[in-house]
Amino acid sequence: MASSLPAFLSTLTELTVPVYFLVAAALFQRNLWRSYFFFWIGIMAEGSVVAFGLFAPKLYPAVYKYTQPLIIILYVMMVL
């Protein structure tokens, strides 16, 4: 049972990447990306980082270290 949890989490991560970009595309299509600009940039940035982590897992810690402050700032801007 425990061995299936990492496989499930990996599959879940793989499924969330397209969802990030589908939401961004839907906002763009409906011309809401300007109203939700920081949210739109934030989900595209986070989707890109997660996708990079799937394709280059050994480099993910370095990418995470440098992109996480940007993503945190975008989250704060979303709330404001």
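To be clear, the structure that these remarks concern was listed above.
I will try to describe carefully the structure that is included in this document. The structure presented is a predicted model; accordingly, all values stated were derived computationally and were not measured.

## A short note on the nonpolar core
Here is step 1 of the chain: Ala-24, Leu-27, Trp-33, Trp-40 and Ile-43 together form the largest nonpolar core, which totals five residues.
Here is step 2 of the chain: Taken together, the elements giving at least two residues each to this core come down to α1 (4-29) and α2 (37-55).
Here is step 3 of the chain: Excluding residues that lie within four positions of it along the chain, Ala-24 makes contacts with Trp-40, Ile-43 and Met-44.

## Some points on α1
Here is step 1 of the chain: With 26 residues, α1 extends 38 Å between its outermost C-alpha atoms, agreeing within 8% with the 38 Å of an ideal straight helix rising 1.5 Å per residue.
Here is step 2 of the chain: Turning to α1, its buried residues number three or more, namely Val-17, Ala-24 and Leu-27.
Here is step 3 of the chain: The secondary structure elements touched by the buried residues of α1 are α2.
Here is step 4 of the chain: Looking one or two places after α1, you find Asn-31, whose phi comes out positive at around 60°.

## Concerning the packing of aromatic side chains
Here is step 1 of the chain: Counted under the stated rule, the structure contains six aromatic pairs.
Here is step 2 of the chain: Consider the rings of Phe-28 and Trp-40, whose centres lie 6.1 Å apart with planes at 15°: the pair is stacked. Taken together, the residues span a long stretch of sequence, with Phe-28 in helix α1 and Trp-40 in helix α2 at a distance of 12 residues.
Here is step 3 of the chain: Residue Phe-28 is classed as partly exposed on the basis of its relative accessible area of 47%.
Here is step 4 of the chain: For Trp-40, a relative accessible area of 12% translates into the label buried.
Here is step 5 of the chain: In textbook terms, an aromatic cluster arises when at least three aromatic residues are bridged by ring pairs, as seen for Phe-28, Trp-33, Phe-37, Phe-38 and Trp-40.

Cut-off values and rules
- Per-chain numbering applies: the sequence of each chain, read as written, is numbered from 1 onward.
- Since the coordinates come from a predicted model, pLDDT governs what is reported: local features require at least 70, and pairs of side-chain atoms require 80 or more to be given and counted, while whole-chain, interface and lining totals use all residues.
- The basis for every side-chain value is the complete set of non-hydrogen atoms in the structure, without hydrogens or water.
- We define the nonpolar core as a collection of buried residues of types Ala, Val, Leu, Ile, Met, Phe, Trp, Tyr and Cys that are connected through side-chain atoms lying within 4.5 Å of one another.
- The rule is simple: take the accessible area with a 1.4 Å probe, protein chains only, and divide by the maximum for that residue type; under 20% is buried, over 50% is exposed, in between is partly exposed.
- The secondary structure listing takes helices from DSSP runs of H or I that are at least 4 residues long and strands from runs of E that are at least 2 residues long, numbered from the N terminus.
- Between two residues, a contact is recorded if the distance between any of their heavy atoms is within 4.5 Å.
- One less than the residue count of a helix, multiplied by 1.5 Å, gives the span that helix is expected to have.
- Here is the rule: rings of Phe, Tyr and Trp (six-membered ring for Trp) pair when centre to centre is within 6.5 Å. Planes less than 30 degrees apart are stacked, more than 60 are edge-to-face, and the remainder are tilted.

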